[in-house]
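Residue-level structure breakdown
Residues per chain are reported as follows:
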Amino acid sequence: MIDAGFKNQIQFEEDRLYSFKTEPKFGIGQTAYFIQTEGFNIVWDCIALIDDHSFKEINELGGIDAIAISHPHYYASQVEWAEKFNVPVYIHEDDKEWVMRPSDQIVYWSGESLELQNEIVLHRLGGHFKGGSVLEWKDGNDNKGVLLTGDVIQVVADHNWVSFMYSYPNLIPLPASKVEEIAQSVEKMKFDRLYNAFHNIVRDDAHNSVQKSAKRYMEALNGTLFNT
Amino acid sequence: MNNYICETCGVQYEGSVTTPEYCTICTEARQYVSPNGTSMDDFEKNDRCWFQKSNPI
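All of these numbers come straight from a predicted model, not from anything done at the bench.

All names here are of chain A. Along the polypeptide, Leu 147 turns up in strand β11 (residues 146–148). For Leu 147, a count of 27 C-beta atoms within 10 Å translates into the label buried. C-alpha separation for the pair Leu 147 and Lys 190, spaced 43 residues apart in sequence, amounts to 8.0 Å. Setting aside chain neighbours within four positions, we find Leu 147 in contact with Val 134, Glu 136, Met 189, Phe 191, Leu 194 and Ala 206.

Take a look at the structure:
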């Protein structure tokens, strides 16, 4: 990869939040995130490449204490990253079968939530993957909260809306009952902004966006949203 | 031993002497195998290996 000219680009997003991705696009082309909190910095989701430049830049931003991943499509080179920074990678145990490079650095968590630090909580939502998870950063965005979702919750073309799918490339939806369950879990979380894995952002009122999008999705699946 | 990376989904595999012939993540309904076939990359080098034969999956 390095010989082929791939490089990581790190970008400032908002106070204490950075994003990074590989250029030119490699693989799925996802964006990962780096959050600085009080005494605990975390990388959310992962990319395939770690180069000297990004290693150095992340260290200059305070280094990292942990990596957490939403679901298997972003496992990427998580073990390479974990070994390089000597930190654990948090993965929900329900997705263990999809880990292609096992490692002692991987910590399998279980249950519905895991508090990594008082402002950082992982929540399993399932849906796209059984162990599919989101990261609630309660103090981000001027204390209004941020939700990092990978594509367990997907920001769609209209950035005021989101969606939920079992398979995005093959367009296989989730059952309405599962989406309702996801919406109920998310309802309890504190956030006003939402970032997905493709650098698409619901900037404001994201909590409401998730609820109204879940409602629209369920109505579409149940045949009451339109008559075509 | 190389830790090969799938060029379609970017997942890295545990070390192997030979290049994995298919990607477990891509041969599943939530991802896809590239129409060009599976290709694996080396982390450091651009050691590209293409597999276009029909895999028994």
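In this section: helix α5 (residues 206–222) of chain A. All names here are of chain A. In this model α5 runs 24 Å from its N-terminal to its C-terminal C-alpha over 17 residues, within 8% of the 24 Å that 1.5 Å per residue would give. Contacts made by the buried residues of α5 are with β11, β13 (162–163), α4 (176–187), β16 (193–195) and β17 (201–202). Note on α5: the residue one or two positions beyond its end, Gly 223, has a positive phi of about 80°.

Below, the discussion takes up the packing of α4(A) against α5(A). Packed helix pairs are characterised by how far apart their axes lie and by the angle those axes make with each other. All names here are of chain A. Between α4 and α5, the least distance of the axes is 9 Å, while the angle of their chain directions is 170°. Between α4 and α5, the angle falls in the class roughly antiparallel. Residue-level contacts link Ala 176, Val 179, Glu 180, Ile 182, Ala 183, Val 186 and Glu 187 of α4 to Val 210, Gln 211, Ala 214, Tyr 217, Met 218, Leu 221 and Asn 222 of α5. Tallied by class, the residues present in the contact of α4 with α5 amount to 10 nonpolar, two polar and two charged.

Sheet strands line up and pair through hydrogen bonds in the backbone, either parallel or antiparallel. Residues and elements named next belong to chain A. In space, the seven strands of this open sheet follow the order β1-β2-β3-β4-β5-β6-β7, with mixed pairing throughout. Every other strand in the sheet has two partners, leaving β1 (7–14) and β7 (106–109) as the edge strands with one partner each. Averaged over all pairs of adjacent strands, the angle between their axes in this sheet comes to 25°, without regard to strand direction. Of the strand pairs in this sheet, strand β3 (residues 32–37) and strand β4 (residues 40–44) are connected by five bridges, and their pairing is antiparallel.

Conventions we followed
Residues numbered from 1 in each chain as written. Chains lettered and ligands numbered in written order. Predicted model: local features only at pLDDT ≥ 70, side-chain atom pairs only at ≥ 80, totals over all residues. Helix = DSSP H or I, 4+ residues; strand = E, 2+ residues; numbered from the N terminus. Buried ≥ 20, exposed ≤ 12 C-beta atoms within 10 Å, placed from the backbone. Contact = placed C-beta atoms within 7 Å. Expected span 1.5 Å × (residues − 1). Axes fitted to C-alpha atoms, helices over the stretch in contact; angles between N-to-C directions. Parallel < 35°, antiparallel > 145°, perpendicular 65-115°, else oblique. Nonpolar A, V, L, I, M, F, W, Y, C, P; charged D, E, K, R; others polar. Pairing = 2+ DSSP bridges.

That is the geometry; function is a separate question.
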